[in-house]
Amino acid sequence: MISLPLLALLIPLVGALLPWLLRRSPTVRNAVTLLIPLLLLVTVVKMVPTVLAQEAIEVTLISVGPGLSFALEVDALGMLFALVSSSLWLLNSLFSFGYMYPIHGNSFEGQERYWSCFSLAILAAIGIAFSANLLTLFFFYELMTFSTWPLVTHSKTAEARRSGRIYLGILLGSSTLLLLTAIIWTWIITGTLDFSPGGILASSDATPGQISMLIVLFFFGAGKSAIFPLHQWLPRAMVAPTPVSALLHAVAVVKAGVFTVLKIATSVIGTDLLIGSWGAEVVAWTAAFTILLASLIALTRQQLKERLAYSTISQLNYIVLGAVVAFPAAIEGASLHIAMHAFGKITLFFAAGAIYVASRKTSVDEMAGIGRRMPWTMTAFLIGTVSVIGLPPMCGMWSKWLLAEGMIAAHQWAFLGALLLSSLLSIAYLMPIALRAFFAAESEGSSEHGEAPWICRIPLLLSAAACLVLFLWPGVFARLAGMVG
Amino acid sequence: MNPLDLFNHWAFVIIMMVGLYAIISRNNLVKKVLGLGLFQTGIFLMYITLGFKHGAGAPILQQGVEATYANPLPHVLILTAIVVSLSTMAVALAIVIGIREEYGTVEADEVARLDSEAQEAGS
Amino acid sequence: MNFLGAWSHHLPVLLVLIPLIGAVLSPIVARGSRGWAWAFLTMVATATVALELLLRIRSSGPISYPLGGWNLPFGIELYVDLLSAIIALVVAGVGLVVTFYARTSVRFEIPDDRFGFFWSLWLLAITGLIGIVITGDAFNLYVMLEISSLTIYGLIAMGRMRDRRALTAAFNYLILGSIGAAFILIAIGLLYSETGTLNMADLHRRLGAIEANATIRSARAFLLAGLGLKMALFPLHLWMPAAYSRAPSAVAGLLAATATKVGIYMAMRFFYTVLATDEGILTAPNVLILSGCAGAAIVFGSATAARQRSLSLLLAFSSVAQIGYIVLGMAIGHSDPTGYAMTGSILHIISHALMKGGLFLCAGIFIWRLGTNDFDQLAGIGRRMPWTSAAVVAGGLGLIGVPGTAGFISKLFLLRGLFESGHPLLAVLVLTGSVLAAIYTWRFVEIAYLKPPVENGLDHSEAPLGMLIPAWILIGASLVIGFYPGPIIEIASEAASTLLGGSG
């Protein structure tokens, strides 16, 4: 009997190979493209009860040497991330059909690469979620960078090439120069790379200065969390097809960054060491600054996807801030925000994609009055907006509530202010789009178009519905988040 | 110590330097090879000097004769080194012949000029 | 595994004799395609012996083999310890794979009537390289060095059929290489004049008993310069890019994988065994020179590689940088008591041999198809020659040091060693080198996968399996090591501790 975490890695691996093997039979391939995410979701869900019962699932894949191994371990935080990634992958595969086929044709160029890289990216996300030590995490972290690069440069235009360079440059540069340094340093100090609850550095004889340096290296090294000044890659990556932006640059890749940050905060450094160190202070202020800066930039962007990207940067740094403030409620809120933000933001991206499929519109200005032509899409967009802002009755409220509670418990009034101010700003940059879609008059000479095809709308409505359902029953996500830290 | 004792040492250093200078400064590939030969010959002299002893004869064992003898090992070594040097010379000259066949010249700057012209024509 | 029976205690000498005899007989027994079969058989035998030797040494320790039965330290000794056995296996193993590749590649690069001589030189070069590694006698080392060098000059010059500049590359290498070898000869002479012995172990013993004087110091200096030339350590790398990019592709693969590695082996052997004294393995100025040159090599090599216009030149400059990593680990190896730096260095010898060997074979495949591997001709090649391009990408990821490749494992150890020995700035340099490696690797990726293909009427179909398989064997081996590094790490760290322990 093969162990479930390993199976969860093998399924997307098979999913990465099949598109190449099935290139001659598109129907079978399309079926497989939906079947694989479904299988993965089932596998991940099967592990949930075990995790909730606080039983450990551990697998050692390869032992590299003393204190070094590739190993998997499923804990609450990892399960949360895996659950979000795999469930949204299923929706996103559906959405990919609805987006790629109308725009690029049923046999678009580089199709095998597209599906294959998607699977690899999810493989990396699952690997990151279930990794039992820093070595495994780093391996999957880099795998994710390399597997998503072909998706960013999918169109092969000069702009895509340039964006690809920045994408790779920032992600690879930060992870090599900072994250790897921090990992090796931790290895030297503690003699191990295995995660352990409460932190491996907590029980070492590292000096406060070293800890602070390590915090800075770790938090900036996880460049996927888009902390200033390493946020540039994310708006650039919007050159990719919208499903890629939706799943990877709102969920899998960026959440891999913040997941890494949270994991390191709870299981490598340990929350006790974080509280009160100057390194954490530096990171926290940078994160707060990023939150506000990104919100302000989002206000000025007219391209919908770009505005969403800056919104993502801002929301990601909520999680970074929560992780580094490190009070229990902040950690819980940050963990929950991984899930809650994902559902809201992917809804917004799906909507942006559906609008593009139906009307080829990309700019916010052109979307006035579009709600009358695309009522389903824009209703979902409104739901996503409310959720991302963090208002009831949408799921985004819970995580923000907990984050705010954490800031209050830590007496971090400035950071609390930053959170609230950024929420106000997010109302300013997101709400008008939804409202003007329904209430403003359409501009002169805009083209005739109707709703997006159903295959676009179904995933969109499902994720919007999830925002509502998770407000009423945050259930398993809340329980998992409560177990973190 | 008689300063002339070091005569050999001075000699091999000078010979080596002359050879090295020729390698660097000559434009003609054959002369470069000759310089290399000179350079290596300097080293032979050094090794031979290592085996030298005042008043020593050849290391031949004779019944009833007790004489000091020169250290034969460096001489044996240098026989090998001479063979190596000879082979180096042969390979070098073979390559120079090849260059002459391909380029029609053995002047280094000519060869470089022909190469850069070919590169410009190619690109 | 003991299939040699009574011959088994002759293993060390067999390792040199087999390719030597193969080389001598090659022009006689074999013409045309039979020449390849002969060379291949010889290499299979050599590689088997090398493997057997490594296993034997792991189980029962270093082997000393007095040639001709002369008493040591007067006779010539073959001395094989774990490090020698590892390098010998790398030379023989990679040599075997590249020989397989050469079967196809030499057909269009070497004139038919030269085949016999080509294989003869080929086997002699391998004889020399292995000889350097297993000898225990300093002068014998010089002779072996010249055997390999002279044949390599000849092999490089054989690239003239494809590119006449191979001749000038070979000539320049010959001049610089001979000067380097002559410096080593001088150093050996000076050491002999101080100690009266040529046996390496004996040299070490006697040098330990005397104060370091001007003679010994100048011997060190000559060695440093001579070995620097041989291992193409920046700034003595000038011969290398031209030689690697213009040699026949199989020769480039062999050289990149083995020749400079053997140079590094010599440096390890001299600095850590022969010259090791109580006051330290390397003197402070030597460490400074070596690590300074290595650091400069990493930055300069990688940055220059990113600006090249052809794949071969890119790979050659990348080698300059990668040699920098290995030398860096070696240079600071003695100040790292945990042995991580030296282990990393030895690991990188292995992983770089596999990766760079494989990459040069891929570069040769492009030449075979397109007549060149200039980047403007490689546009869009990723779709037309997917397997070759994928191999280049996989090898490139290894050069960056992405986890899951052999390059990551060796860099991980090297980095830990640099931190342990208190050189965090050099560690930053190593990491910077990785980022630069990403830049040059990505140049190829963009050209191969994102640029529209060029139409030049040439056949762009995938390479024949005879070339593709060997390239993938090497690249694949580096990936396998990336995932299952356990045994290799174990062997390398044993070798490192022997080397460091031998320093007293």
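Worth saying up front: this structure is predicted, and the values here are computed from it rather than measured.

Cut-offs used in this document
- Residues numbered from 1 in each chain as written.
- Chains lettered and ligands numbered in written order.
- Predicted model: local features only at pLDDT ≥ 70, side-chain atom pairs only at ≥ 80, totals over all residues.
- Helix = DSSP H or I, 4+ residues; strand = E, 2+ residues; numbered from the N terminus.
- Rg over C-alpha atoms; globule rule 2.2 N^0.38 Å.
- Buried ≥ 20, exposed ≤ 12 C-beta atoms within 10 Å, placed from the backbone.
- Contact = placed C-beta atoms within 7 Å.
- Nonpolar A, V, L, I, M, F, W, Y, C, P; charged D, E, K, R; others polar.
- Pairing = 2+ DSSP bridges.
- Axes fitted to C-alpha atoms, helices over the stretch in contact; angles between N-to-C directions.
- Parallel < 35°, antiparallel > 145°, perpendicular 65-115°, else oblique.
- Left-handed = near helix turned anticlockwise from the far one by under 90°.
- pLDDT = per-residue confidence, 0-100.
- Core = buried A, V, L, I, M, F, W, Y, C linked by C-beta atoms within 7 Å.
- Expected span 1.5 Å × (residues − 1).

Caption draft 1: Just the overall build of chain B, in detail. Regarding its fold elements, chain B presents 4 helices and 0 strands. Taking 2.2 N^0.38 as the reference for a compact globule, 123 residues should give roughly 14 Å; the C-alpha atoms of chain B span a radius of gyration of 21 Å, well beyond that estimate. By its C-alpha atoms, chain B is 80 × 30 × 20 Å across when sized along the principal axes. Relative to its 123 residues, chain B shows a buried fraction of 24%. Here the analysis covers contacts within chain B between residues at least 6 apart in sequence; of these, 49% occur between residues at least 24 apart.

Caption draft 2: Focus on the interface of chain C and chain A. Counting residues at the interface gives 20 residues for chain C, matched by 22 residues for chain A. Broken down by secondary-structure element, the contributors of at least two residues to the side of chain C that touches chain A are α16 (406-420), α17 (424-450) and α19 (486-501) of chain C. When residues in the side of chain C that touches chain A are grouped by element, the largest group, 8 residues, is from α17 of chain C. Considering only residue class, the side of chain C that touches chain A consists of 14 nonpolar, 3 polar and 3 charged.

Caption draft 3: Fine view of the interface of chain C and chain B. Counting residues at the interface gives 23 residues for chain C, matched by 25 residues for chain B. Ranked by the residues each element gives to the side of chain C that touches chain B, the list is headed by helix α6 (residues 165-195) of chain C, at 14 residues. Within the side of chain C that touches chain B, the residues separate by chemical class into 14 nonpolar, 5 polar and 4 charged.

Caption draft 4: Spotlight on unusual backbone geometry. A cis amide bond links Pro-392 of chain A to the next residue, Pro-393 of chain A, at an omega of 10 degrees. As for its placement among the helices and strands, Pro-393 of chain A is situated in the loop between α15 (375-389) and α16 (396-409). Residue Phe-234 of chain C is joined to Pro-235 of chain C through a cis peptide bond whose omega torsion reads 0 degrees. One can find Pro-235 of chain C in the loop between α8 (214-230) and α9 (240-246). Phi angles above zero are rare outside glycine, and Ala-232 of chain C is one such case at about 60 degrees. Owing to 28 C-beta atoms within 10 Å, Ala-232 of chain C belongs among the buried residues under this scheme.

Caption draft 5: Expanded view of the arrangement of the chains. The top pair by number of contacts, from a total of 2 pairs of chains in contact, is chains B and C. A minimum C-alpha distance of 24 Å separates chain A and chain B, which share no contact.

Caption draft 6: Representation of the pairing of strand β2 (residues 68-74) of chain A in the model. Residues and elements named next belong to chain A. Judged by how many residues are buried, β2 sits mostly within the fold: 5 of 7 residues are covered. Relative to β2, strand β1 (residues 57-65) is paired through 7 bridges, and the arrangement is antiparallel. Considered in β2, the bridge of Ile-57 is made with Val-74.

Caption draft 7: Inspection of the packing of helix α6 (residues 158-190) of chain A against α16 of chain C at higher detail. Running from amino to carboxyl end, α6 of chain A crosses α16 of chain C at an angle of 60 degrees, the nearest separation of the two axes being 10 Å. The pairing of α6 of chain A with α16 of chain C is recorded here as oblique in orientation. Here α6 of chain A and α16 of chain C pass one another in a crossing that is right-handed. Packed against α6 of chain A, whose contacting residues are Ile-184, Trp-185, Trp-187 and Ile-188 of chain A, the element α16 of chain C presents Leu-415, Arg-416, Phe-419 and Glu-420 of chain C at the interface. The residue makeup of the contact of α6 of chain A with α16 of chain C, split by class, is 6 nonpolar, no polar and 2 charged.

Caption draft 8: Up close: the confidence of the model for chain C. When pLDDT is averaged across chain C, the result is 86; 95% of the residues are at 70 or more. Both scores are given for the predicted complex: the pTM is 0.88, the ipTM 0.91.

Caption draft 9: Quick peek at the packing of helix α9 (residues 242-269) of chain A against helix α12 (residues 304-325) of chain A. Residue and element names in this part refer to chain A. Relative to each other, α9 and α12 sit at 15 degrees, their axes nearing to 9 Å. Classified by the interaxial angle, the pair formed by α9 and α12 is roughly parallel. Between α9 and α12 the crossing geometry is right-handed. In this structure, α9 uses Ser-245, His-249, Ala-250, Val-254, Gly-257, Val-258, Val-261, Leu-262 and Ala-265 to contact α12, whose residues at the interface are Lys-305, Ala-309, Thr-312, Leu-316, Ile-319, Val-320, Ala-323 and Val-324. Here the contact of α9 with α12 is composed, by residue class, of 12 nonpolar, 4 polar and 1 charged.

Caption draft 10: The nonpolar core, seen in detail. One finds Val-320 and Val-324 of chain A together with Ala-88, Ile-156 and Ala-170 of chain C to be the most contacted residues of the largest nonpolar core, which totals 446 residues. For Ile-156 of chain C, the residues in contact, after removing those within four places along its chain, are Ala-166, Ala-169, Ala-170, Tyr-173, Ala-243, Ala-247 and Val-251 of chain C.

Caption draft 11: Looking closely at helix α2 (residues 26-52) of chain A. All names here are of chain A. In a regular helix each residue adds 1.5 Å, so 27 residues correspond to 39 Å; α2 covers 40 Å between its end C-alpha atoms and thus fits that length. The set of residues buried in α2 consists of Thr-33, Ile-36, Pro-37, Leu-39, Leu-40, Leu-41, Thr-43, Val-44, Met-47 and Val-51. Buried residues along α2 sit in contact with α1 (4-21), β1, β2, α3 (76-104) and α4 (111-130). Immediately downstream of α2, the backbone of Gln-54 shows phi near 60 degrees, a positive value.

Caption draft 12: How the structure looks around the environment of Cys-395 of chain A. All names here are of chain A. Note that Cys-395 resides in the loop between α15 and α16. Counting along the chain gives 294 residues from Cys-395 to Tyr-101, while the straight-line C-alpha distance between them is 32 Å. In this view, Cys-395 contacts Met-340, Phe-343, Ser-387, Cys-467, Leu-470, Phe-471 and Pro-474; residues no more than four positions away in its chain are not counted.

Caption draft 13: Focus on the environment of Ile-21 of chain C. Within the secondary structure layout, Ile-21 of chain C lies in helix α1 (residues 11-29). Between the C-alpha atoms of Ile-21 of chain C and Thr-127 of chain C, which are 106 residues apart in sequence, the distance is 9.4 Å.

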